[in-house]
Each structure stands twice: as structure tokens, then as C-alpha cells.
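Survey of secondary and tertiary structure
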Amino acid sequence: MTINFHDEQNKYTYAARSADQGWIELLRPYFEHKPEIALDIGCGGGIYSKALLDLGTNLVMGMDFSESNLEGARDKCRAYENISFVQGNALDTGLPDAKADVILERALIHHIRDLDACFKEASRLLKAGGLFIVQDRTEIDCLLPGSENHIRGYFFEKYPKLILKETERRYSSPAVLRSLAQHNFEIIEEISFWETRRIYHDIHDLEQDLLNRTGRSILHDLDEHELRALVDYILGTFQDKQGKQILEQDRWTLWIAKRL
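How each quantity is defined
Residues numbered from 1 in each chain as written. Predicted model: local features only at pLDDT ≥ 70, side-chain atom pairs only at ≥ 80, totals over all residues. Heavy atoms only, no water. Buried < 20%, exposed > 50% of the residue type's maximum accessible area, 1.4 Å probe, protein only. Helix = DSSP H or I, 4+ residues; strand = E, 2+ residues; numbered from the N terminus. Pairing = 2+ DSSP bridges. Right-handed = clockwise from strand over helix to strand, strands pointing away. Contact = heavy atoms within 4.5 Å. Phe/Tyr/Trp six-rings, centres within 6.5 Å; stacked < 30°, edge-to-face > 60°. Axes fitted to C-alpha atoms, helices over the stretch in contact; angles between N-to-C directions. Expected span 1.5 Å × (residues − 1). Polar contact = N/O pair within 3.5 Å; in protein donor to acceptor, adjacent residues only side chain to side chain.

Turning to the pairing of strand β4 (residues 100-106), a few remarks are in order. Each regular strand displays side chains that alternate between the two surfaces of the sheet. Here β4 lies mainly inside the structure; six of its seven residues are buried. Pairing analysis gives three bridges linking strand β1 (residues 37-41) to β4, with the strands arranged parallel. Residue pairing for β4: Ala-38 is matched across the bridge by Val-102. For the crossover from β4 across helix α4 (residues 115-125) to strand β5 (residues 126-136), the handedness is right-handed.

Below, the discussion takes up the side chain of Glu-121. Tracing the chain through its elements places Glu-121 in helix α4. Overall, Glu-121 belongs to the buried group, its relative accessible area being 7%. With sequence-adjacent residues up to four places away left out, Glu-121 is seen in contact with Ala-90, Leu-91, Asp-92, Thr-93 and Gly-94.

By the definition in use, this model includes five aromatic pairs. Look at Phe-119 and Phe-132: their rings are 5.5 Å apart centre to centre, the planes differ by 90°, and that puts the pair in the edge-to-face class. Taken together, the residues Phe-119 in helix α4 and Phe-132 in strand β5 connect sequence positions 13 residues apart. As far as burial versus exposure is concerned, Phe-119 and Phe-132 are alike and both buried. An aromatic cluster of three or more residues is present, and its members are Phe-119, Phe-132 and Phe-185.

Turning our eyes to something else, we now look at the sheet that holds β5. Across a sheet, strands are paired by hydrogen bonds formed along the backbone, either parallel or antiparallel in direction. Within the open sheet, the seven strands sit side by side as β3-β2-β1-β4-β5-β7-β6. Their pairing is mixed. Among the strands making up the open sheet, the edge pair consists of β3 (83-87) and β6 (185-200). Averaged over all pairs of adjacent strands, the angle between strand axes in this sheet comes to 20°, irrespective of strand direction. Where β6 and strand β7 (residues 246-259) come together, 14 bridges link them in antiparallel fashion. Across the sheet, Ser-192 pairs through a bridge with Thr-253, a residue of β7. Strands β1, β4, β5, β6 and β7 of the sheet are contacted by α4, whose axis makes an angle of about 145° with β5.

Okay, helix α10 (residues 224-235) next. With twelve residues, α10 should reach 16 Å at 1.5 Å per residue; the first-to-last C-alpha distance of 16 Å fits that figure. Among the residues making up α10, those that are buried are Glu-226, Leu-227, Leu-230, Val-231, Ile-234 and Leu-235. Those residues of α10 hidden inside the fold are in contact with α6 (152-158), α7 (161-167) and α9 (203-211). Where α10 begins, the capping side chain belongs to Asp-223, and its oxygen is found 3.1 Å from the backbone nitrogen of His-225.

Take a look at the structure:
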């Protein structure tokens, strides 16, 4: 039962948290010149649209293919006058050439089957010298073992059947670099980064987040019985965390490139 991004019940699943401050500080050196316009393509709940403003961008447009996601984003960002949201397709946005100074595509490309078409469109939308930030998990990122911080790793230990589903949609770093080079991008830096996903008050807070499948599309491949068994499996590793905060992190790869 793959997640339905258009379901009204899922409209807040990618809008329920804030961007990691470590992510913002990691990217701050690239925003010294205060870009005028940034596009957040695949914006989900608008979490990183807000972060782009925090980095000094003047105007941000978030785009997502799911109107349900955008409803959640508009609700969560209603206090931000400099953010707008529009429904659209990352492969054919319909936006003007050379519109943006910065494009962010975070957690997008694993949903895209035609990576070249995606990067070709980004190249068209960026001004010469513009910044392109791509963030996603490679297969290596996904299959790191579970730990008290890397909770996602337990999903695949408990249910190896999820490994193929997770890895077959992931691009390797060489594939991303090759496609960027083919579409007029010069690589500035490739970064492996542990990003804080959330700090839970206690294991019961973690339990509820997992049972709600919040922001975890892979968990929609489990039925209710399987999900409950997974949560019990994970909580069993956290018995010494009773009454304590839990810091969850995910490992990502960022490719930072300049439009030639």
C-alpha cells in the first residue's frame, strides 16, 4: 500500500517538523550573496522553503505535484509573505527560462525515473552561475545499520523485503554526477551529511511518530500488523531510553553544483 501523496489525510506528513539547523549552517556559505529567487522543487510540506528564506533568499517558490502536500505547506507557511506555492511537475514546470538564482531538489530524485529530464529542466530554469542543490539518499546511505540515532536502519533489519523497494529507486553518486555534467552543471562539492530528523521527548513520542508513518513513505509498504511488529522491534532496542530524549538522524548525500 504505497503512500498516496494526494490523500487529504497525508497533507501534514511532510510539514510536521522544522529544517535541521545543522543543514542551514552547512549551506549558509553558499548564500553569501543573498539570492533573489529560489525554487524548492518537490517542496512537500514547505519545511525547506522556509529554510531557504532563513538563508537569506528574498523570494521562494515551492513546487510539488501533490495538491494535498501544498495545502499543508500553505498552512504551515502562512506567516511567510515571501513564499508562494504552485502545483507542478519537476520534469516540465512550465516556468520561464532562467527564472531562479537557486534551485533546491531535496528528497525528490528517488521519485523521478528520468533523472536526465529532471536535471535538464533544472538547467533551463537556473540563471548562469546559479546554484543547484540536490539532496537524496544513495543506496549506501539507506543501508547503514540501525542504531539509537539511525532508526531507519532498523526498518531493513526487521523486514529485508523493504531493501529492494528502497534501493531500486535510489541513484548512485556516479549516476547523479554524470547527469549533472551532461546538463551544464559544474560540481562544487559532494557532501555526506548526518541530518537531524527529529528529537523525541521519549520513546512514546517515537512510537507515535512511527505508527503514524510521519514523513516515511517506505512504511506505507507495511500493513498495520507488520508496522506494529516493527515498532515493537525498535522500541525493544530503546529500553534504556525510558523517559529520555531520543535524537534521530538520517544520512544524506548532497550534490552542490553551479549552472555554467
